[in-house]
Amino acid sequence: MDTRRIGSLTVSTVGLGCNNFGWKIDEAASREVVHAALDAGVTHFDTAELYGGGESERFLGRTLGSRRDEIVLATKFGYRGGDAAAGQAAPDAVRAACEGSLTRLGTDRIDLYYLHRPDPQTPIADTLGALGRLVDEGKVREVACSGFSADQLREAERARAEGARFVAVQNEYSLMHRRPEREDDGFEGGGTLEASRETGIAFVPYFPLKSGLLTGKYRRGDAPPKGSRLSGEAGVFQSKNALLTDENLDTVERLIAWTEARDRTLLDLAFAYLLAHKPVASVIAGATKPSQIQGNVAAAGWALTDDEVRDVQTLLDAAPAA
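1. Examining the overall build of the protein chain
Move 1: Looking only at helices and strands, one finds 11 helices and 10 strands in the protein chain.
Move 2: At 19 Å, the protein chain has a C-alpha radius of gyration in line with the 20 Å of a compact globule built from 322 residues.
Move 3: For the protein chain, the spread of C-alpha atoms along the three principal axes comes to 55 × 45 × 35 Å.
Move 4: Each of the 322 residues in the protein chain was classed as buried or not, and the buried ones make up 54%.
Move 5: Pairs at least 24 residues apart make up 76% of the contacts formed inside the protein chain by residues separated by at least 6 positions.
Move 6: A total accessible area of about 13400 Å² is found for the protein chain, and carbon and sulfur atoms account for 46% of it.
Move 7: Of note, the protein chain has its 38 positive side-chain charges centred 2 Å away from the centre of its 47 negative side-chain charges.

Structure representation (structure tokens):
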């Protein structure tokens, strides 16, 4: 698999998001997914103290075992869900969170440590100072942020002299969620591709398949597959009405027609489009079964030309995405 850089780290262009571990799948199923990722050449594993109430980190740490040194291990702190980010990036909270993650992961260092959400109560310079001390102690190798706006990225870059520097930002980005491409609108993700270019930090997209909408399994006029993420069944993550709109499905059909004319799939395009944007280092995709890993890795092998990127943007602009 191709690799790219995040600060001093080298990562596979497809990363495994471990957000399903402990929530949607148990430890045995998580182990199968992790082993499939390792076998496929994935070296970038992304989790958080939030995921599975801490079980994601525990599952991942136990499964990696002696193979820990083969991968770049990323985790996140400072977000408990809802509005619970305030005060979670204060220096004492940063250290306590790091120690907790190290214990759950069963490791002596975190390769890439993310502030999961901006903390409205704590100056970013204070957070970077605390993270810098963890780097100095060898408990963290590189630090990053998630859920930041373009202005917040620039503010953090200005504060770098007082502590560590963010080397990456992880925000939602997909064919159906293109806010990072647009001007900064003051909300999460707005204009962050350009801010990443300006500051020289890597961009790490999450939700690249928009909850499965971009896998090709949802078609105009067809019922969602039974048990699928957007089927609307009890216990399924997201209501089918949230994404399976006529406008979205029309866009999906245009994209499928374009990819099929090139002997490719919508899944291929979902990864290739993101990786065609220079700041993007690694695309984080979750998985609940080994076969999904194999499909994601294969999809990243398509390198779009500039003309193809423009063609796709024309198709997308026919119906504005979120």
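2. Looking at helix α6 (residues 192-199)
Move 1: Those residues of α6 that sit buried are T192, L193, A195, S196 and T199. Projected down its long axis, α6 shows its buried positions confined to an angular sector of 165 degrees, all on one face.
Move 2: Against the buried residues of α6 lie α5 (150-158), β8 (166-172) and β9 (202-206).
Move 3: Just beyond α6, the residue with positive phi is G200, at close to 75 degrees.

3. Topic: the nonpolar core
Move 1: Formed by 86 residues in total, the largest nonpolar core has its most connected members in L16, F166 and Y273.
Move 2: The dominant element in this core, judged by the number of residues it contributes, is helix α9 (residues 266-275), at nine residues.
Move 3: If we skip the residues at most four places from it in the chain, Y273 touches Y173, L175, R178, E181, L304, V309, V312, Q313 and L316.
Move 4: Judged by nonpolar contacts, the second largest core, of 15 residues, contains L112, Y114, A202 and A281.

4. With respect to helix α2 (residues 55-64)
Move 1: When you tally the buried positions in α2, you get seven out of 10 residues, the bulk of the element.
Move 2: For α2, the full list of buried residues reads S56, E57, F59, L60, G61, T63 and L64.
Move 3: If you follow the buried residues of α2, they end up packed against α1 (27-39), β4 (44-46), β5 (72-77) and α3 (91-105).
Move 4: G65 lies just past α2 and shows a positive phi near 50 degrees.

5. A look at the pairing of strand β2 (residues 9-12)
Move 1: Direction of pairing for strand β1 (residues 3-6) relative to β2: antiparallel, over a ladder of four bridges. Considered in β2, the bridge of R5 is made with T10.
Move 2: Remark: two residues form the turn of the hairpin made by β1 and β2, two consecutive strands paired antiparallel; G7 in that turn has positive phi of roughly 60 degrees.

6. Here we look at the pattern of salt bridges
Move 1: Under the criterion given, the structure shown has 25 salt bridges.
Move 2: The salt bridge partner of R31 is E27, with a shortest N-O separation of 3.9 Å. One end of the pair is R31 and the other is E27, both in helix α1 and four residues apart, which spans about a single turn.
Move 3: Residue class for R31 comes out partly exposed when judged on its relative accessible area of 35%.

7. Structural notes on the environment of G190
Move 1: Turning to its location among the elements, G190 is positioned in the loop between β8 and α6.
Move 2: What makes G190 buried here is its relative accessible area of 0%.
Move 3: Expressed as a C-alpha distance, the spacing of G190 and D111, which sit 79 residues apart in the sequence, is 27 Å.

8. Comments concerning the side chain of R178
Move 1: Mapped onto the fold, R178 is located in the loop between β8 and α6.
Move 2: Residue classification places R178 among the buried positions, given a relative accessible area of 5%.

9. Focus: the sheet that holds strand β7 (residues 140-146)
Move 1: Taken together, the eight strands give an open sheet; going across it, the order is β9-β8-β7-β6-β5-β4-β3-β10, and neighbouring strands pair in parallel fashion. Each having just a single partner strand, β9 and β10 (283-286) make up the two edges of the open sheet. Taking each pair of neighbouring strands and ignoring which way they run, the sheet shows an average axis angle of 30 degrees.

10. Describing the environment of G100
Move 1: Here G100 shows up in helix α3.
Move 2: Here the alpha-carbon distance between G100 and E57, two residues 43 residues apart in the chain, equals 9.9 Å.

11. Some words on the packing of aromatic side chains
Move 1: Summed over the entire model, instances satisfying the criterion amount to six aromatic pairs.
Move 2: Between the aromatic rings of Y173 and F203, the centroid separation amounts to 5.7 Å while the plane-to-plane angle is 80 degrees, which identifies the pairing as edge-to-face. With a gap of 30 residues between them, Y173 in the loop between β8 and α6 and F203 in strand β9 connect regions that are remote in the sequence. Taken individually, Y173 and F203 each receive the classification buried, so the pair is uniform in this respect.

12. Some points on the packing of α3 against helix α4 (residues 124-136)
Move 1: It is the contact of α3 with α4, at a shortest axis distance of 8 Å, that shows an interaxial angle of 40 degrees. It follows from the interaxial angle that α3 and α4 lie oblique. Between α3 and α4 lies a crossing of right-handed hand. For the pair α3 and α4, the contacting residues are P91, V94, R95 and C98 in the first and D126, T127, A130, L131, R133 and L134 in the second.
Move 2: Classifying every residue of the contact of α3 with α4 gives six nonpolar, one polar and three charged.

Rules behind the numbers
- Residues numbered from 1 in each chain as written.
- Predicted model: local features only at pLDDT ≥ 70, side-chain atom pairs only at ≥ 80, totals over all residues.
- Heavy atoms only, no water.
- Helix = DSSP H or I, 4+ residues; strand = E, 2+ residues; numbered from the N terminus.
- Rg over C-alpha atoms; globule rule 2.2 N^0.38 Å.
- Buried < 20%, exposed > 50% of the residue type's maximum accessible area, 1.4 Å probe, protein only.
- Contact = heavy atoms within 4.5 Å.
- Areas by Shrake-Rupley, 256 points an atom, 1.4 Å probe, with all protein chains shown as cover.
- Lys, Arg positive; Asp, Glu negative; His and termini not counted.
- Charge placed at Lys NZ, Arg CZ, Asp CG, Glu CD.
- Arc of directions from axis to C-beta.
- Core = buried A, V, L, I, M, F, W, Y, C linked by side-chain atoms within 4.5 Å.
- Pairing = 2+ DSSP bridges.
- Salt bridge = Lys/Arg side-chain N within 4 Å of Asp/Glu carboxyl O.
- Axes fitted to C-alpha atoms, helices over the stretch in contact; angles between N-to-C directions.
- Phe/Tyr/Trp six-rings, centres within 6.5 Å; stacked < 30°, edge-to-face > 60°.
- Parallel < 35°, antiparallel > 145°, perpendicular 65-115°, else oblique.
- Left-handed = near helix turned anticlockwise from the far one by under 90°.
- Nonpolar A, V, L, I, M, F, W, Y, C, P; charged D, E, K, R; others polar.

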